[in-house]
Structure formats: C-alpha cells, structure tokens
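Here's the letter readout for the chains.
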Amino acid sequence: MLMDPNSKKVLLVDDEPDILQIISYNLTKEGYQISTAKNGLEALDKIPVFKPDLIILDLMMPQMNGIEVCQILRSKPEYNDTLIIMLTAMSDESSQINGLETGADDYINKPIRPKVLISRVNAIFRRLQKEAGKSIKIGNMVIDPERFMAVLDGKDIVLAKKEFELLHLLASKPGRVFLRNEILSQVWGAEVIVGDRTIDVHIRKIRQKLGIDCVTTVKGVGYKFELQD
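Now for a description of the structure that goes with this document. (Residues numbered from 1 in each chain as written. Predicted model: local features only at pLDDT ≥ 70, side-chain atom pairs only at ≥ 80, totals over all residues. Heavy atoms only, no water.)

## Things to note about the pattern of salt bridges
Then, number 1: Tallied over the entire structure, the rule returns 13 salt bridges.
Then, number 2: Here Lys110 and Asp14 are joined by a salt bridge, their closest N and O atoms 2.9 Å apart. With Lys110 in the loop between β5 (106–109) and α5 (114–130) and Asp14 in the loop between β1 (9–13) and α1 (17–29), this residue pair connects regions lying 96 residues apart in the sequence.
Then, number 3: Taking relative accessible area as the criterion, Asp14 reaches 1% and is therefore assigned buried.
Then, number 4: Across the pair Lys224 and Glu226 runs a salt bridge whose closest N-O atoms are separated by 3.3 Å. (Salt bridge = Lys/Arg side-chain N within 4 Å of Asp/Glu carboxyl O. Helix = DSSP H or I, 4+ residues; strand = E, 2+ residues; numbered from the N terminus. Buried < 20%, exposed > 50% of the residue type's maximum accessible area, 1.4 Å probe, protein only.)

Below, the structure is given as structure tokens:
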C-alpha cells in the first residue's frame, strides 16, 4: 500500500479529454492530488504553480509534444527530481527509447488500463521511498540518496531519477556483477516491461555525465561498478 499518497501531486497532460477523465478519476480514488493540462504549453505554465511530484505526459500532442516538454524540464535543475511517466500509443522500441533518453522515468502504452496505471504510479513512489538511506562513499565519489545526486571530486552531478537509481544499485556492491534481469527488476520493477537497450541507454548517459568509465560491461551477463584509483 502506498504511504501517505495525499502528499503526492500528479499532473496529467494529454490532449484527449476522455484520457484525462479516466486517469483523474482513478488516481483521485487512490488519494493523489490531481491537476490536468490539455497540451505541453499549458503544462509548462502549470508546473511552477502546482509543483507536481509526478507528471504523466502524453507523447503525441499538438503545439508541443511530450518529448519536447520532457527535454525542457530536464534542462532545468529545479525539475530534475520530478518524476515523469510517458504515455504513448506507439509500441515500437525506438519511440520508447527516445522517451527514456530525454529523461522520462517510465512509459505506459495506450490504451490505458486503470489497474496497470495505478500499479505503476504506486510502484514508482514505493521505489522512491526505498531509496532513502545513507550516502554511499567510494573513493572521490559520493552517491547521495537524499538529494538524488552524485558528487565527484566535490562537484555535483545531476542525474535523472532512473540514472540515479541504476548508479546507486550498482555502487551499493562495488565489484559485484548485477545481472540484466536483476537490474530491470530492482530499478524498473516487475510491473514494467522494458528491453535490454533501456539499460544500455541509461548506462551510457551515466558514463557521459560522470565523465569517467566507472561502470563495466560484463558481456552477455550484466554490469558492475568499479571506481579506478
């Protein structure tokens, strides 16, 4: 059961009124505070006022699509901690990878199934709660779960939610090889179906942002964290 859902605000962004109504009804029943926007431009106006913990964002919208909104938000440090779930009617892997590469934390395929939606929203907040704990310090790197931030040589490194979760998992046991299925289960959850390329995308972005190759690929098996002296 989700803990204290009343403190969580969810902004729904979709150009289809029926979709907004269905999602609003089901998440309101779960105790979430809901606000809606019918396009990306309206969403960007509402976000600074409503200050959502989670944005459920349609991929294909007129005026400004979900990818563009996500890119704008992730370019601003104040919204780096805001969770984003992308809604998409596209089932091809390239569209899903594109959404994840822009900084989305998860995606849900249309047509919307209310029980699946609620399960995924609850799961993403549960995983967030589990991450609260002590910082991990390895060499000249600190991984701080309270700020969702990696600090390298005293410099703050901004990571998207899933990038941080993945780095935190690998660094929790340096040198240990985490299997791909294990990573998918612990970072994305058993309810989420994503491909192997999803992990590869996030590993690549972690390496780029840190500027060091601290995550080693074990071909055909998984990944491990190794910080060289």
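## Quick look at unusual backbone geometry
Of all residues except glycine, most have a negative phi; of all peptide bonds, most are trans.
Then, number 1: Each neighbour pair has its own omega, and for Lys110 with Pro111 the value is 5°, a cis peptide bond.
Then, number 2: Considering the arrangement of structural elements, one finds Pro111 in the loop between β5 and α5.
Then, number 3: Backbone geometry places Gln63, a non-glycine residue, at a positive phi of 70°.
Then, number 4: Structurally, Gln63 is set in the loop between β3 (54–58) and α3 (66–74).
Then, number 5: Exposure remark for Gln63: the relative accessible area of 62% places this residue in the exposed category.
Then, number 6: The phi torsion at Asp153 lies on the positive side, around 55°, for a residue other than glycine.
Then, number 7: By secondary structure assignment, the location of Asp153 is in the loop between β8 (149–152) and β9 (155–158).
Then, number 8: Among the residues examined, Asp153 registers a relative accessible area of 60% and is labelled exposed.

## What to know about the nonpolar core
Then, number 1: In terms of nonpolar packing, the biggest core is built from 29 residues, with Met141, Leu167, Leu170, Ile183, Leu210 and Phe225 touching the most fellow members.
Then, number 2: Of all the elements in the fold, those that place two or more residues in this core are β6 (136–138), β7 (141–144), β8, α6 (161–171), α7 (180–188), α8 (196–210) and β12 (222–225).
Then, number 3: Ranked by residue count, the leading element in this core is α6, at six residues.
Then, number 4: Leaving out residues up to four positions away in the same chain, Leu170 has contacts with Phe178, Ile183, Ile203, Val215, Tyr223 and Phe225.
Then, number 5: Ala37, Ile67, Leu100 and Tyr107 belong to the second-largest nonpolar core, a separate cluster that totals 21 residues. (Core = buried A, V, L, I, M, F, W, Y, C linked by side-chain atoms within 4.5 Å. Contact = heavy atoms within 4.5 Å.)

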